[in-house]
Amino acid sequence: MKGHYLGAWEDLWVRGGKILDPEKLFFDEKKPADVQLDCQGCIVAPGFIDVQINGGFGVDFSQATDDVASGISLVAQKILSHGVTSFCPTLVTSPPSVYTKVLPQICVRNGGPHGAGILGVHLEGPFISREKKGAHPEPYLRTFETGAFQDVLDTYGGLDGVKIVTLAPEMERSGEVIRELTKRGICVSVGHSVANLSQAEEAVRHGATFITHLFNAMLPFHHRDPGIVGLLTSDQIPPGRRVFYGMISDGIHTNPAALRIAHRADPKGLVLVTDAIMAMGLPPGRHTLGQQVVEVDGLNTYIAGECPEETWVVEVFAVGRTWANLGPPGVLDFNSHH
Amino acid sequence: MKLIILENYDQASEWAAKYIRNRIIQFNPGPDKYFTLGLPTGSTPLGCYRKLTEYCNNGDLSFKYVKTFNMDEYVGLPRDHPESYHSFMWNNLFKHIDIDPENTHILDGNAPDLQAECDAFEEKIKEAGGIELFVGGIGPDGHIAFNEPGSSLVSRTRVKTLAMDTILANARFFEGDLSKVPTMALTVGVGTVMDAREVMILITGAHKAFALHKAIEEGINHMWTVSAFQQHPCTVFVCDEDATLELKVKTVKYFHGLMFVHNKLVDPLYSMKETGTKKSQGKEPYGD
């Protein structure tokens, strides 16, 4: 993987842990390689970044425990073998007590052989739409009705270590919240929302730069009002700005054809996410997702006792399938660069 | 002089690569005896370089004891510019083969004293014992290396101003912008190439047909610098059918008829995997 292309078989030169320009070495230092390793045709690509992962390997990031750090470390270490070198631990809609307990325990840190780097927390909810709550527990959903940004601070208890907040932009006073979050260097993502296109565009003007799992938990594309999906081809994005969009490309959350529609409309904005849950890497059975119990059955996951209107895929690192849908150079690009 | 006529570009490239391979292996190079190879850039040798890469990867050929000298380089173009001949050689040959970087030589077009750089290059060739085999290509105007029409046929390595034809032809590599095309180059002289013990010139494509005609069917002329090699004791021209379009039927038929003889230069094809017996065979069995 060189530039944005999967090149012909080439050598990767490394010195002192850093990738080297071999042409410079050849002509400047006139030195050959000290050690050569045969990677047997494997692809060497930049590490994947997962900006939406709720847990895995039995760890649920949205559980208020005293030892969140060790759960995070376990996931960080285990996802390395899946090619993920940094991630945003994601918390689903939770009561304030969970946020105040969990958030102080998650620290931004660099990755290494011990585990993937932690870029910051992704807070998905609770300021999201009731109609598009997906698997988020309804009793804990909130709005900005009273104090706007103060509501946000009161709910989360603080914003240290927070990198992404997913919210529904159709909510009253969301513009003010988006501006405040953006001012603090936090990426605002629109999602779990029934926003129409102009509301979505307004959110972007206020500073939103991301769309949480495009197509899922938003209004379906309609030609008279394409809703949030319309941001991919909107001409109302301020100059010099770009809206990226996450997609769960497991073939279930989005049909491969829908994935390709998005990709063709805006190939440079695509960011693949897993939206993995604690059951990732575990056998089928009952697990938790924040405040709810979920049942994993094969590739599908249901909220216990509910009809399977929303499903998730447990085999979340579905890069193999995405590969077939988009071709390898693209897949590597979306996971690493965007 | 030998003229090798192959059906198409790929076959001509392969023939040339096989010839280089056999010559290196027959030379039996070692730590005290390097094979010195002169190399061109441009689109013509690409197919040949691909084949050499393949041989090297298969273990049939090694460049461990080969020293290379390149024909030319632009003046003032950054070395890492994609169109520099350093970049060309790195991307199309050096990075694929087992050559020691110490043994590759390319003129430095950014040297503070260009003529000193050229003189040093000549000196390095001399120190390496002269060039065993100089491989070259030509332009449609019959230039060898950057020895443009009118160059002295006894010239040595020096700074050369490019002809308008060459600048125009090169513009396609510089976004079609004439102002970005380098106008000067460092180049080995015709005399430098003439000193090689053997010279192989690759000529392919109909657009080079007139140059091939001028090279071999008319007199030696400094307006077609490649024609100088009529005077070289051991020159082989490798071309495809398209490049013969301007030749006399008589010439083409004569060399076609000789192909069964000339093919013995590449058949049998030697390999470094086989040790001993075949390597010890002497020089090529056929002269001119």
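Rules used in this analysis
- Residues numbered from 1 in each chain as written.
- Chains lettered and ligands numbered in written order.
- Predicted model: local features only at pLDDT ≥ 70, side-chain atom pairs only at ≥ 80, totals over all residues.
- Heavy atoms only, no water.
- UniProt positions renumbered as here; feature names shortened; annotations may be inferred.
- Pairing = 2+ DSSP bridges.
- Helix = DSSP H or I, 4+ residues; strand = E, 2+ residues; numbered from the N terminus.
- Axes fitted to C-alpha atoms, helices over the stretch in contact; angles between N-to-C directions.
- Contact = heavy atoms within 4.5 Å.
- Salt bridge = Lys/Arg side-chain N within 4 Å of Asp/Glu carboxyl O.
- Buried < 20%, exposed > 50% of the residue type's maximum accessible area, 1.4 Å probe, protein only.
- Buried area = accessible area lost by both parts, 1.4 Å probe.
- Polar contact = N/O pair within 3.5 Å; in protein donor to acceptor, adjacent residues only side chain to side chain.

Where an unreviewed UniProt entry is consulted, chain B appears under the name Glucosamine-6-phosphate isomerase, with the organism given as Anolis carolinensis. Checking UniProt for chain B, the heading Subcellular location (unreviewed entry) contains the comment "Cytoplasm". You can read under Sequence similarities (unreviewed entry) in the UniProt record for chain B the words "Belongs to the glucosamine/galactosamine-6-phosphate isomerase family."

Per an unreviewed UniProt entry, chain A goes by the name N-acetylglucosamine-6-phosphate deacetylase and belongs to Anolis carolinensis. What the UniProt record of chain A gives under Pathway (unreviewed entry) is the line "Amino-sugar metabolism; N-acetylneuraminate degradation." Under the UniProt heading Sequence similarities (unreviewed entry), the note attached to chain A is "Belongs to the metallo-dependent hydrolases superfamily. NagA family."

What follows deals with the sheet that holds strand E7 (residues 158–161) of chain B. Residues and elements named next belong to chain B. Within the open sheet, the three strands sit side by side as E4-E8-E7. Their pairing is antiparallel. In the strand order of this sheet, the two ends are held by strand E4 (72–74) and E7, each with one partner. Put simply, the sheet's adjacent strands are angled 30° from each other on average, direction ignored. Two elements, E4 and strand E8 (residues 184–187), share three bridges in a ladder whose sense is antiparallel. Bridge assignment links Asp72 to a residue of E8, and that residue is Thr187. Contacts from helix H4 (residues 114–127) reach E7 and E8, with the element oriented near 125° to E7.

Time to look at the environment of Leu61(B). All names here are of chain B. As for its position among the elements, Leu61 is in the loop between helix H2 (46–58) and strand E3 (66–70). Separated by 36 residues in sequence, Leu61 and Ile25 have C-alpha atoms that sit 7.4 Å apart. Leave out the neighbours within four places in its chain, and Leu61 touches Arg21, Ile24, Ile25, Leu52, Tyr55, Cys56 and Met272.

What follows deals with the pattern of salt bridges. Applying the stated criterion across every chain yields a total of 24 salt bridges over all chains. The residue Asp66(A) makes a salt bridge to Lys101(A) at a minimum N-O spacing of 2.5 Å. With Asp66(A) in the loop between strand E5 (59–60) and helix H2 (68–78) and Lys101(A) in helix H3 (residues 96–102), this pair connects stretches of sequence that are 35 residues apart. You can call Lys101(A) partly exposed: its relative accessible area is 34%. If you follow the salt bridges from partner to partner, you end up with Glu14(B), Lys18(B), Lys51(B) and Glu54(B) in one network.

Bringing the UniProt feature "domain: Amidohydrolase-related" (unreviewed entry) in chain A into the picture now. Per the UniProt annotation, the sites labelled "domain: Amidohydrolase-related" (unreviewed entry) are residues 43–276 of chain A. Between the C-alpha atoms that bound residues 43–276 of chain A there is a distance of 24 Å. The span itself is 24% helix and 19% strand.

Take the interface of chain B and chain A next. At the junction of the two partners, chain B supplies twelve residues and chain A supplies twelve residues. Buried surface at the junction of chain B and chain A, both sides included, amounts to about 1100 Å², of which 59% is carbon and sulfur. Linking chain B with chain A are one salt bridge. A salt bridge links Arg79(B) to Asp28(A), with the nearest nitrogen and oxygen atoms 2.5 Å apart. Counting across the chain B and chain A interface gives three residue pairs in polar contact (both at pLDDT 80 or more). At three residues, helix H3 (residues 85–92) of chain B tops the list of elements feeding residues into the side of chain B that touches chain A.

Glancing now at the UniProt feature "domain: Glucosamine/galactosamine-6-phosphate isomerase" (unreviewed entry) in chain B. The sites that carry the UniProt feature "domain: Glucosamine/galactosamine-6-phosphate isomerase" (unreviewed entry) are, in the present numbering, residues 13–230 of chain B. The span residues 13–230 of chain B is 32% helical and 16% strand by assignment, and the distance between its end C-alpha atoms comes to 22 Å.

Residue and element names in this part refer to chain B. The parallel open sheet is built from seven strands, whose spatial order is E1-E10-E9-E6-E2-E3-E5. The sheet terminates laterally at strand E1 (2–6) and strand E5 (104–105), the two strands that pair on one side only. In the packing of helix H1 (residues 9–27) onto the sheet, contacts are made with E1, strand E2 (35–39), E3, strand E6 (133–137), strand E9 (198–203) and strand E10 (235–240), and the angle to E10 comes to roughly 150°.

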